[in-house]
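As a plain string of letters, each chain reads:
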Amino acid sequence: MATETLLTSLRVAILGLGLMGGSLALALHGKCTALWGIDLDPQIVSLAQAQGVVERASSRPEDLLPQADLVILAAPVRAILDLLRQLPELHPGPAIVMDLGSTKAQIMAAMQELPERFDPVGGHPMCGKERGSLAHAEAGLYRDAPFALVALERTSRRAEALAETLALEVGARPLWLDAQVHDRWAGATSHLPYLTANALAAITPFDAAPLVGPGLQSTTRLAATPRRMMLEILATNRENVLAGLQRLQVRLAGLEARLQAEDWLGLEEMLEDGAVRYEMLREHLTR
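Student: Would you mind going over helix H9 (residues 227–236) with me for this structure?
Tutor: Two residues of an α-helix separated by three or four positions point the same way, owing to the 3.6 residues in each turn. Those residues of H9 lying buried are Met230, Glu232, Ile233, Leu234 and Thr236. The elements touched by buried residues of H9 are helix H4 (77–90), helix H5 (105–112), helix H7 (179–203) and helix H10 (238–260).

In structure tokens, the structure reads:
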């Protein structure tokens, strides 16, 4: 066992062994007393056992969940909301409950309704791949990624400290946020980029495929993100995504207007503004 932390003495159960849950399990090896995985898909459970992703795995939550000290919900947003509704029947408590959902407002509202025997804290690691599933999980997925954490008034100091410890132990950078701020920022930095990549991929002509290089590949990579997962994210962060789309449309209209008018100076100013903003974002990331 590694250096003792708040995780060391805990039995951890991860519900959902896809890319995020599987990668978290791999990163938590040796950092807690017990590490269990639960997934409703028996094939995923078999794969997790065969690859040693967790110490024990089951497709039946009642097999492992009641003994867990820390319950981590690593599923799509709608599934997390369903699990929160079911949790009081599945776990006798007490337990700290943490989620990895991509949007936070609705999830935190559902956590607020949990019985007092549960100690809830929200989480969202800003990392991943355009290809999901346990087959693509890796222990280093969380390394150097921002890990948003969200507390409720009822969240204990112990749960807050444990959530921060978990983020640090998997190599991420914990960042405490309000749920509404998180959703607004995630809309701008994750959900809108997905829609933009998807739209760009959709309008690229097939006959141009022989000339596709790293520029198009990098700007359309997110288009391959699983649609069902993204639909849930977009539905639970609709207002922020719509606001982002409106800002993007204004920007594109400005570029189009200058190009139509052959206003090269105005176009250059807009392009320079975008380049400067990009460099400012990059500087922030390297701090």
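Student: In this structure, what is going on with a negative patch on the surface? I would like to understand it.
Tutor: Together, Asp263, Glu268, Glu269 and Glu272 line one region of the surface with negative charge. When its relative accessible area of 55% is taken as the criterion, Glu268 is described as exposed.

Student: So what exactly am I meant to see when it comes to the nonpolar core here?
Tutor: Soluble globular proteins tend to bury their nonpolar side chains together. If you look at the biggest cluster of nonpolar residues, it comprises 38 residues, and the most contacted ones within it are Val12, Ile14, Leu24, Leu70, Phe147 and Leu166. For this core, the elements supplying multiple residues, two or more each, are strand S1 (11–15), helix H1 (19–27), helix H2 (42–50), strand S4 (70–73), strand S5 (95–99), strand S7 (146–151) and helix H6 (157–169). Looking at this core element by element, the count peaks at 5 residues for H6. Once residues lying within four places of it in the same chain are set aside, the contact partners of Val12 are Leu7, Cys32, Ala34, Leu35, Trp36, Leu70 and Ile72. By size, the runner-up hydrophobic cluster in this structure holds 30 residues, among which are Leu15, Ala68, Val77 and Ile233.

Student: What is the right way to look at the sheet that holds strand S2 (residues 34–38) in this model?
Tutor: In sheet architecture, strand pairing relies on hydrogen bonds along the backbone and comes in two forms, parallel and antiparallel. Strand order in the open sheet made by the 8 strands is S3-S2-S1-S4-S5-S6-S7-S8, with mixed pairing throughout. On the outer flanks of this sheet lie strand S3 (56–58) and strand S8 (173–176), each paired with one strand and no other. In this sheet, neighbouring strand axes are inclined to one another by 25° on average, regardless of whether the strands run parallel or antiparallel. Two elements, S7 and S8, share 4 bridges in a ladder whose sense is parallel. Paired with Ala148 across the strands is Leu175, a residue of S8.

Criteria and cut-off values
Residues numbered from 1 in each chain as written. Predicted model: local features only at pLDDT ≥ 70, side-chain atom pairs only at ≥ 80, totals over all residues. Heavy atoms only, no water. Buried < 20%, exposed > 50% of the residue type's maximum accessible area, 1.4 Å probe, protein only. Helix = DSSP H or I, 4+ residues; strand = E, 2+ residues; numbered from the N terminus. Contact = heavy atoms within 4.5 Å. Patch = residues over 30% accessible without salt bridge, like charges linked within 9 Å, V, L, I, M, F, W, Y side chains within 5 Å. Areas by Shrake-Rupley, 256 points an atom, 1.4 Å probe, with all protein chains shown as cover. Salt bridge = Lys/Arg side-chain N within 4 Å of Asp/Glu carboxyl O. Lys, Arg positive; Asp, Glu negative; His and termini not counted. Charge placed at Lys NZ, Arg CZ, Asp CG, Glu CD. Core = buried A, V, L, I, M, F, W, Y, C linked by side-chain atoms within 4.5 Å. Pairing = 2+ DSSP bridges. Axes fitted to C-alpha atoms, helices over the stretch in contact; angles between N-to-C directions.

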